[in-house]
Amino acid sequence: MSNDLDTVFAALADPTRRAILAMLLEDDMAVTDVAEPFEMSLAAISKHLVILTKAGLISQEKRGRVKWCKLEPDALRAASVWMQGFGQFEPVNLDAFERFLEAELPAAEDL
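Residues numbered from 1 in each chain as written. Predicted model: local features only at pLDDT ≥ 70, side-chain atom pairs only at ≥ 80, totals over all residues. Heavy atoms only, no water.

A. Region of interest: the pairing of strand E3 (residues 66-71). Here two bridges tie strand E1 (residues 29-30) to E3, and the two strands are oriented antiparallel to one another. Each bridged residue has a counterpart across the sheet, and for Ala30 the counterpart in E3 is Trp68. In the sheet, strand E2 (residues 58-63) pairs with E3 via six bridges, with the strands oriented antiparallel. For Glu61, the partnering residue across the bridge sits in E3 and is Trp68. (Pairing = 2+ DSSP bridges. Helix = DSSP H or I, 4+ residues; strand = E, 2+ residues; numbered from the N terminus.)

B. Region of interest: the sheet that holds E2. One open sheet accounts for three strands, arranged E1-E3-E2; its pairing is antiparallel. Strand pairing shows two members of the sheet lacking a second neighbour, E1 and E2, which therefore form its edges. Running at roughly 90 degrees to E3, helix H2 (residues 15-26) makes contact with E1, E2 and E3 of the sheet. Seen against the sheet, helix H4 (residues 42-54) touches E2 and E3 and runs at an angle of roughly 115 degrees to E2. (Contact = heavy atoms within 4.5 Å. Axes fitted to C-alpha atoms, helices over the stretch in contact; angles between N-to-C directions.)

C. Up close: the packing of H2 against H4. With their axes 10 Å apart at the nearest point, H2 and H4 run at an angle of 75 degrees to one another. With respect to each other, H2 and H4 are oriented roughly perpendicular. From H2, Thr16, Arg17, Ile20 and Leu21 reach across to H4, where they touch Ile45, His48, Leu49, Ile51 and Leu52. Per-class residue counts for the contact of H2 with H4 are six nonpolar, two polar and one charged. (Parallel < 35°, antiparallel > 145°, perpendicular 65-115°, else oblique. Nonpolar A, V, L, I, M, F, W, Y, C, P; charged D, E, K, R; others polar.)

D. Region of interest: the nonpolar core. Residues Leu21, Leu24, Val34, Leu49, Leu52 and Leu57 are the most contacted members of the largest nonpolar core, which totals 29 residues. Those elements that provide at least two residues to this core are helix H1 (2-12), H2, helix H3 (31-35), H4, E3 and helix H6 (94-109). With six residues, H2 is the single largest residue contributor to this core. Filtering out sequence-adjacent residues up to four positions away, Val34 remains in contact with Ile20, Met23, Leu24, Met29, Ile45, Leu49 and Cys69. (Core = buried A, V, L, I, M, F, W, Y, C linked by side-chain atoms within 4.5 Å. Buried < 20%, exposed > 50% of the residue type's maximum accessible area, 1.4 Å probe, protein only.)

E. Just the pattern of salt bridges, in detail. Throughout the structure, instances matching the rule amount to three salt bridges. Across the salt bridge formed by Asp28 and Arg63, the nearest N and O atoms sit 3.1 Å from each other. Of this pair, Asp28 sits in the loop between H2 and E1 while Arg63 sits in strand E2; the two residues are 35 residues apart in sequence, bridging distant segments of the chain. Given a relative accessible area of 37%, Arg63 falls into the partly exposed group. Residues joined by salt bridges that share partners form a network here, namely Asp28, Glu61 and Arg63. (Salt bridge = Lys/Arg side-chain N within 4 Å of Asp/Glu carboxyl O.)

See the structure below:
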């Protein structure tokens, strides 16, 4: 379980990946649509998506010729349980998490 937590927290540590998660809170998105707001190559965005996928935070599927990304919020469950063990944290509320990501999103748009 520790490796899984390490992977999730490492994925969440990057502001670009947090911004991607915030975007996917709204709906599934094509990879090209995910990449659009960022000033980086499609290859760089793809690397971020691979990290999010390996952490289980998103899933990707091919629909025709287009690759789509989908948020997998259950991947945060283990991290939430771990944080609750400290007694200082409330269970992860996805609405609160969405507000947190939206607060982080403006910083990521400056990239």
